[in-house]
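Notes for the structure review
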Amino acid sequence: MSIVKNVTLLGHAGSGKTTLSEAMLYAAGITERIGNVANGNTISDFDAEEKKRGVSISTAVLQFNYGGAKLNVIDTPGLFDFALGPNEGLRAADCALIVLSARSGLSVGAEKAYKNAAKKGIARAFVATKMDDERADFFKVFHELQDKFGSSVCPVVVPMPNGGFYNLLEDKAYTYNGIKRSDAALDDDGTIEELIEAFNEAVAGADDELMEKYFEGEELTHEDKVKGMTLGVADGSIVPVFACSGVDGRAVDLLLDFIKNAAPAAQEEGDCKVDANAPLAAICFKTMADPFIGKLNFFKVISGKITQGTTVKNARTGDEERIGKIVNVLGAKQTDIKECPAGDICAIAKLNTFKTGDTMCAQGSSVELDRVDIPTATYSMAIFADKKGEEEKVATAANRIMEEDPSITFVNNTETRQTILSGLGEQHLDVCLSKMKEKYKVGASLVQPRVAYRETITKMVQVQGRHKKQSGGHGQFGDVWIEFEPCDSDELVFGERVVGGSVPKNFFPAVEKGLRDAMEKGVIAGYPMVGVKATLYDGSYHPVDSSEMAFKTAASLAFKNGIPKAGPALLEPIVTLNAYCNDEAMGDIIGDINKRRGRVLGMNPLGDGMQEIVAEVPQGEMTTFSTAMRQITQGRGHFTTEFARYERCPENIKEKVMADAAVED
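The structure displayed is predicted, hence computed values, not measured ones.

**Thoughts on the packing of helix 1 (residues 17–27) against helix 9 (residues 252–262)**
- Packing of helix 1 against helix 9 leaves a shortest axis separation of 9 Å and a crossing angle of 85°. Taken together, the axis directions place helix 1 and helix 9 in an arrangement best described as roughly perpendicular. Side by side, helix 1 and helix 9 meet where Leu20, Ala23, Met24 and Ala27 of the first sit next to Val252, Asp253, Leu255, Leu256 and Ile259 of the second.
- For the contact of helix 1 with helix 9, a count of residues per class yields 8 nonpolar, no polar and 1 charged.

**Some thoughts on the nonpolar core**
- Core analysis: the largest hydrophobic core is formed by 82 residues, its most contacted members being Met24, Phe64, Leu97, Phe126, Met229 and Ile259.
- The element best represented in this core is helix 9, accounting for 7 residues.
- Beyond its immediate chain neighbours, meaning those up to four positions away, Phe126 contacts Ile98, Leu100, Tyr114, Leu145, Phe149, Val153, Val239, Pro240, Val241 and Phe242.
- The next biggest cluster of nonpolar side chains, apart from the first, holds 27 residues, and it includes Val461, Val463, Phe551 and Ala554.

**Observations concerning the pairing of strand 10 (residues 239–243)**
- For strand 10, a buried count of 5 out of 5 residues is recorded, marking the element as mostly surrounded by other parts of the structure.
- Along strand 10, one buried face is formed by Val239, Val241 and Ala243 and the opposite face, lined by Pro240 and Phe242, is buried too.
- Across 3 bridges, strand 5 (residues 123–129) lies against strand 10 in parallel orientation. Within strand 10, the position partnered with Phe126 by the bridge is Val241.

**What about the packing of aromatic side chains?**
- Counted according to the given criterion, the structure contains 15 aromatic pairs.
- Here the aromatic residues Tyr114, Phe126 and Phe149 are joined through ring pairs into a cluster of three or more.
- The side chain of Arg124 reaches across the aromatic face of Tyr114, ending 5.1 Å from its centre.

**Concerning helix 8 (residues 222–235)**
- For helix 8, built from 14 residues, the straight-helix expectation of 20 Å at 1.5 Å per residue is met to within 8% by its first-to-last C-alpha distance of 20 Å.
- When we look at burial in helix 8, the residues that qualify are Asp224, Lys225, Val226, Gly228, Met229, Gly232 and Val233.
- Of the residues flanking the end of helix 8, it is Gly236, one or two places downstream, whose phi is positive at about 85°.

**Focus: the sheet that holds strand 24 (residues 444–447)**
- Strand order in this open sheet of 4 strands is 22-23-21-24, and the pairing throughout is antiparallel. Edge strands, defined here as strands with exactly one partner in the open sheet, are strand 22 (409–413) and strand 24. Going from strand to strand, the sheet's axes swing by 40° on average, the running direction of each strand aside.
- In this structure, strand 21 (residues 379–385) lies alongside strand 23 (residues 418–423), joined through 5 bridges in antiparallel fashion. By the bridge assignment, Ile383 is partnered in strand 23 with Thr419.

**Here we look at the environment of Cys244**
- Secondary-structure assignment places Cys244 in the loop between strand 10 and helix 9.
- Of the residues examined, Cys244 reaches a relative accessible area of 1% and is grouped as buried.
- Residues Cys244 and Ile306, 62 residues apart in the sequence, show an inter-C-alpha distance of 36 Å.
- Excluding its chain neighbours within four sequence positions, the residues that come into contact with Cys244 are Leu20, Val127, Ala128, Thr129, Lys130, Met131, Phe165, Arg250, Ala251 and Val252.

**Digging into the layout of surface pockets**
- Space inside the second largest pocket adds up to approximately 1300 Å³.
- Together, 44 residues line the second largest pocket, and Lys112, Asn116, Arg636, Gly637 and His638 are the ones closest to its centre.
- The element that contributes the greatest number of residues to the lining of the second largest pocket is helix 4 (residues 108–119), accounting for 8 residues.
- Partitioning the lining of the second largest pocket into residue classes produces 17 nonpolar, 16 polar and 11 charged.

Reading guide: rules and limits
Residues numbered from 1 in each chain as written. Predicted model: local features only at pLDDT ≥ 70, side-chain atom pairs only at ≥ 80, totals over all residues. Heavy atoms only, no water. Axes fitted to C-alpha atoms, helices over the stretch in contact; angles between N-to-C directions. Helix = DSSP H or I, 4+ residues; strand = E, 2+ residues; numbered from the N terminus. Parallel < 35°, antiparallel > 145°, perpendicular 65-115°, else oblique. Contact = heavy atoms within 4.5 Å. Nonpolar A, V, L, I, M, F, W, Y, C, P; charged D, E, K, R; others polar. Core = buried A, V, L, I, M, F, W, Y, C linked by side-chain atoms within 4.5 Å. Buried < 20%, exposed > 50% of the residue type's maximum accessible area, 1.4 Å probe, protein only. Pairing = 2+ DSSP bridges. Phe/Tyr/Trp six-rings, centres within 6.5 Å; stacked < 30°, edge-to-face > 60°. Lys NZ or Arg CZ within 6 Å of the ring centre and 35° of its normal. Expected span 1.5 Å × (residues − 1). 1 Å grid on protein atoms, 1.4 Å probe; cavity = no way out; pocket = protein on both sides within 12 Å on 5 of 7 lines; lining within 4 Å. Points joined across faces, edges and corners; volume = space filled by probe spheres on them.

So this is what it looks like as structure tokens:
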């Protein structure tokens, strides 16, 4: 079996990930040119939306051979609205290449990528691209990385003053004409010499034998350096740093050499050993759903192998399916293969039951691998079809989009009578609408979602409800006296203290039913009522004309007469907010919460420069909080919300809600 290496490109939007992947393909001899993101001709940004917007919005898999090894490079989006992509990449890869610009340095996206990879125990390396830019300053970026992440940060490929590159792992210098390299003499102004000592110490520190050799003054051989680098990268004690240029491909071959020779291969997970002869266990790390090419599920095989024509089991559902077409992919291009062994990646067409995060296993097996982390949707809008009667088309399109992007949710809110589309930000939902239009030929628009308010009463009243109708033959007669008072309950509390049989007992259920129906629509703005106790205490009846329907109607009339006199009040939903932010942003986040009429309940330091803020905020004020949170924390923060309770609305909010309700009516 040939060597297989799985790496993912992570980092901030605009740092050069897609351009680097283009340079990798060019340096490996797979393509005849380096594609340009702005021109929309890259291999990994093949989706129409990506070409139109000039940014990556979904994960792309690039499978190609280099120097006798098979490399699976997973290019992920850098925009925080598409955070599912990096999570997919991390689940499939064994090494994270964190890309940053040698011009602009350490970014929030690179910081987050480093932390997420470290949390999952995945090997990390930094790649400083854009060395072709005259403003690039590799050594400034390198020291920035050391200051932030410590002594594990280790230089491997560094620029020379003459524009060439020096590879510390090989102890060789090169100059480049595009991707073509030539051996050169080391050109050093003293900076590189300092790094060589730090490099040797780092690789020696990864292994006891090497450390002993190093301290005894023996020179480390190339094999020693590769051994130390391989061990150190695998256990996280070394985080190598590479300089290169994605635009013209200079020194990208040195990065590819590192991936082939020193990046970790697939590791066993739990009881699943990376062995093609072991029972099958594979994780579905990505799903691609397209109305033209159909559905593709991407798998990383941990143990065993996926073979065309065999029957496998979905561990989540228990369903069994036969494996049909298996492919390797290079962006949109597919190449048929017969099988995919442990440690490798493939895509399978037309599976019915598998979703992102599902485990594929052998028949009779029940192994379940760790799932893909699905980001929680934090930005919600109400969606409606542009043309009446196309609601079903919108729902179908949304469900297809959710197949490939489970960080999107699409639910009907029966209370507000709206359909809610939720995602990770404005751009995320905008891409959804574009996909609906372009791929599924249905137009939809977004509006601010309604808030599920409640109504209640604040004082006791006693009122009569009398229904009398005579229209030949039997008439209708029902007469009730009801006492309404506030109580602590989400539902109507019904009681009776009728004496003397003024209202026969068999009509009590009808009175209660009339009141319950009336409670569904309050008198302020038509929202459901809570916190009401209704006691039937008197009334009268007619031996012939009284009926259940008459008493039900009388009860609803009592409600209509009494509630406006009982001090009706509007209640708004309050959510508990847990906001996680960097120390520097804490003051501004608290200020933003206060502006939203929120109350900060407490703060908890989390370490590593992060804080948790616990607050209670009216739900109606939370619509734009995800955007504000991202801007204030520069993308470092995140938050969760959970319904807490209902509270009385301020008068100005009540008036606005009443005005909005009047417009809707």
